[in-house]
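# Descriptive analysis of the structure
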Amino acid sequence: MTAPEAYIASIGTSLPGEPVDNEQLAKALGVNQEWVEVFIGTRTRHFARDIGTNEVRWSLADLCAQAGEKAIANAGIDPAQIDFIVLGTATPDTLMPATVNHVADQLGLDQLPTYQLQSGCAGAVQAFDLARTLVTSTGGTGLVIGGDVCSKHLDLRRDLTDAAPSELVNFVLFGDGAGAAVLTPEPIGQRVALRRVLNRLTGLGRAPGQVIEWFGVADRDSDKQAIKEDYKAIEEAVPVMAVEILWELLGELDWSVEELDYILPPQLSGRMTSLIYDRLDVPGVREISCVADTGNNGNALPFLQTERLLAEMTTGQKALAVAIESSKWIKAGFALEKI
Amino acid sequence: MSITTEEFVQLVNDDIGVQVGASELEADFDALPGWDSLHLLKLVTALEKSTGRKVPVGRLLEARSLGEIHRLASAS
């Protein structure tokens, strides 16, 4: 008897509004446009807030529900067939209720278990990890969602003349969005087997590479920097970790690199992702990236990449996704095979 | 409008917040205390404001010292 497996039946994604290009962003921030293009390498991103008025146009729940609705429709199933929902995010709308429950509400789902994983860039993979365990142990069908509204911490109306570089960089790196997948115990729809998921904390004793604060009534006036990146540590550690994850996954799967058709590298920025792909040194393996067009929208990224992958993937092809959460240095990744 | 060495040093100290003297302008960025590549964003913006001219960002990103950047910003 073979061990039970989980399959991606479909993907759905949601990016808020029109893409914001570097010309618009540079103008809003009063920074050099060419610098953003050359140094960050990200061309466009989407924001859930209006960059002129700072008004919230979409909540995280809105984006996740839109992605979820598309994923359910693309799988060709009835929403009532969803047995559980898992959402991974670093930027929930509220601490309570968990955003996943508002997503369920918008999708008209009730009387089912919901889970929300508080997590950074590895959250989508952690959501797949938990969902895969649930699908294979219960035989149920799950809706897996990842999304982030990073613009919550980016006030584009602020005068950034005095901003520290570690704060300024966030304005040109990040964006908002959500993605979702329907995970099933039998191959339907896209028929892509989720062969393996890697989700491992490797940060013992290491200082965080990224910190996002949250503020309450007692400290809302604090002048603490809301998002902090140790971009030097990230630039140094992430490419090395990406190579380790690639080879660890290949080893565990007993796949040779020659068998691999696609690689989904970590999506930091257009420039960093392209450096990491070069560093992986797998020239025969096609790169599937999205960050240059979507901006770094955290937990939405693996879904946006997988959506692009599914548009190309044919029966028998194999893909590996690599993700790294530099907050507390989490190694993550997953392996896909279209059957 | 070009920018003198003295003005350039002052701009780096005041607008970028990296304390350097004229003697350190030719030091490689790796040897310049407190420097990191993201300071370039602020430097480009400050230089354009002060000289009223576009700075060639692609070439500036290849520069290895503040002196090189000063020459790029001053060249016509």
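Residues numbered from 1 in each chain as written. Chains lettered and ligands numbered in written order. Predicted model: local features only at pLDDT ≥ 70, side-chain atom pairs only at ≥ 80, totals over all residues.

### Some points on the overall build of chain B
Along chain B, the regular secondary structure elements total four helices and zero strands. For chain B, the sequential pattern of α-helices and β-strands runs α-α-α-α. The globule rule puts the C-alpha radius of gyration for 76 residues at 11 Å, and the 11 Å found for chain B is close to it. Dimensions of chain B, computed from C-alpha atoms along their principal axes, come out at roughly 30 × 25 × 20 Å. The 76 residues of chain B split such that 26% are buried. Long-range pairs, those at least 24 residues apart, make up 49% of the contacts in chain B between residues at least 6 apart in sequence. (Helix = DSSP H or I, 4+ residues; strand = E, 2+ residues; numbered from the N terminus. Rg over C-alpha atoms; globule rule 2.2 N^0.38 Å. Buried ≥ 20, exposed ≤ 12 C-beta atoms within 10 Å, placed from the backbone. Contact = placed C-beta atoms within 7 Å.)

### Concerning the overall build of chain A
Helices and strands together make up the secondary structure of chain A, namely 10 helices and 14 strands. Computed over its C-alpha atoms, the radius of gyration of chain A comes to 19 Å, within 12% of the 20 Å expected for a compact globule of 339 residues. Principal axes of the C-alpha set define a box for chain A whose edges measure 65 × 45 × 40 Å. Taking all 339 residues of chain A together, 52% fall into the buried category. Once local pairs closer than 6 in sequence are excluded, the contacts in chain A between residues at least 24 apart make up 79%.

### A word on the nonpolar core
All names here are of chain A. Counting 119 residues, the largest nonpolar core has C64, I85, V144, I145, A180, L183 and L320 as its most contacted members. Ranked by residues supplied to this core, first place goes to helix α3 (residues 60-75) with nine residues. Of the residues that make up this core, three or more belong to each of domain 1 (7-184) and domain 2 (192-338). Ignoring any residue separated from it by four or fewer positions in sequence, one finds V144 in contact with V86, A127, F128, A131, A180, A181 and L183. (Core = buried A, V, L, I, M, F, W, Y, C linked by C-beta atoms within 7 Å. Domains from an automatic or database assignment.)

### Considering the interface of chain B and chain A
Each partner contributes to the interface: chain B provides 12 residues, whereas chain A provides 12 residues. Counting residues per element, the ones that place at least two in the side of chain B that touches chain A are α2 (39-51) and α3 (57-60) of chain B. For the side of chain B that touches chain A, the element with the highest residue contribution is α2 of chain B, accounting for seven residues. A breakdown of the residues in the side of chain B that touches chain A according to their chemical character gives six nonpolar, three polar and three charged. (Nonpolar A, V, L, I, M, F, W, Y, C, P; charged D, E, K, R; others polar.)

### Observations concerning α3 of chain A
All names here are of chain A. Its 16 residues place the ends of α3 22 Å apart at the C-alpha level, agreeing with the 22 Å of an ideal helix rising 1.5 Å per residue. Close packing links the buried residues of α3 with β1 (7-14), β4 (84-89), α4 (99-107), β6 (142-149) and β7 (176-184). G76 lies just past α3 and shows a positive phi near 70°. (Expected span 1.5 Å × (residues − 1).)

### A closer look at the sheet that holds β7 of chain A
In sheet architecture, strand pairing relies on hydrogen bonds along the backbone and comes in two forms, parallel and antiparallel. Residue and element names in this part refer to chain A. Ordered by their spatial adjacency, 10 strands build an open sheet running β5-β4-β6-β7-β1-β8-β14-β13-β11-β12, and the pairing between neighbours is mixed. At either end of the open sheet lies a strand with only one pairing partner, and these are β5 (114-118) and β12 (286-287). The pairing of β1 with β7 spans seven bridges and is antiparallel. Directly across from I11, in β7, lies its bridge partner A181. Across the sheet, α3 lies against β1, β4, β6 and β7, angled at about 140° from β1, the strand it touches most. Packing against the sheet, α4 makes contact with β4, β5 and β6, and its axis sits at approximately 130° to β4. (Pairing = 2+ DSSP bridges. Axes fitted to C-alpha atoms, helices over the stretch in contact; angles between N-to-C directions.)

### Points about the packing of helix α1 (residues 22-29) of chain A against helix α2 (residues 33-40) of chain A
All names here are of chain A. One can describe the packing of α1 onto α2 by two numbers: an axis separation of 8 Å at closest approach and a directional angle of 120°. One way to sum up the angle between α1 and α2 is to call them oblique. Viewed along their axes, α1 and α2 form a crossing whose handedness is right-handed. Within the contact between the two elements, α1 uses N22, E23, L25 and A26 and α2 uses Q33, V36 and E37. When the residues that make up the contact of α1 with α2 are grouped by side-chain class, the tally is three nonpolar, two polar and two charged. (Parallel < 35°, antiparallel > 145°, perpendicular 65-115°, else oblique. Left-handed = near helix turned anticlockwise from the far one by under 90°.)

### Here we look at unusual backbone geometry
All names here are of chain A. Cis geometry marks the peptide bond from M96 to P97; its omega dihedral reads -10°. Tracing the backbone shows P97 in the loop between β4 and α4. With a phi close to 70°, N54 is a non-glycine residue in the positive phi region. The residue N54 is located in the loop between β3 (44-45) and α3 in this model. In the Ramachandran plot, R191 falls in the positive-phi region, its phi being about 55° despite a non-glycine side chain. Tracing the chain through its elements places R191 in the loop between β7 and β8 (192-201).

### Considerations on helix α10 (residues 301-310) of chain A
The buried count for α10 of chain A comes to nine of 10 residues, which makes it a mostly enclosed element. Those residues of α10 of chain A not exposed but buried are L301, P302, F303, L304, Q305, T306, E307, L309 and L310 of chain A.

### Here's the deal with the pairing of β8 of chain A
Along any regular strand the residues' side chains alternate between the sheet's two faces. Residues and elements named next belong to chain A. Direction of pairing for β1 relative to β8: antiparallel, over a ladder of two bridges. By the bridge assignment, Y7 is partnered in β8 with A193. In terms of strand pairing, β8 meets strand β14 (residues 330-338) through nine bridges, oriented antiparallel. When the sheet's bridge partners are listed, N199 is paired in β14 with A332.

Any link to function would need more than the numbers given here.
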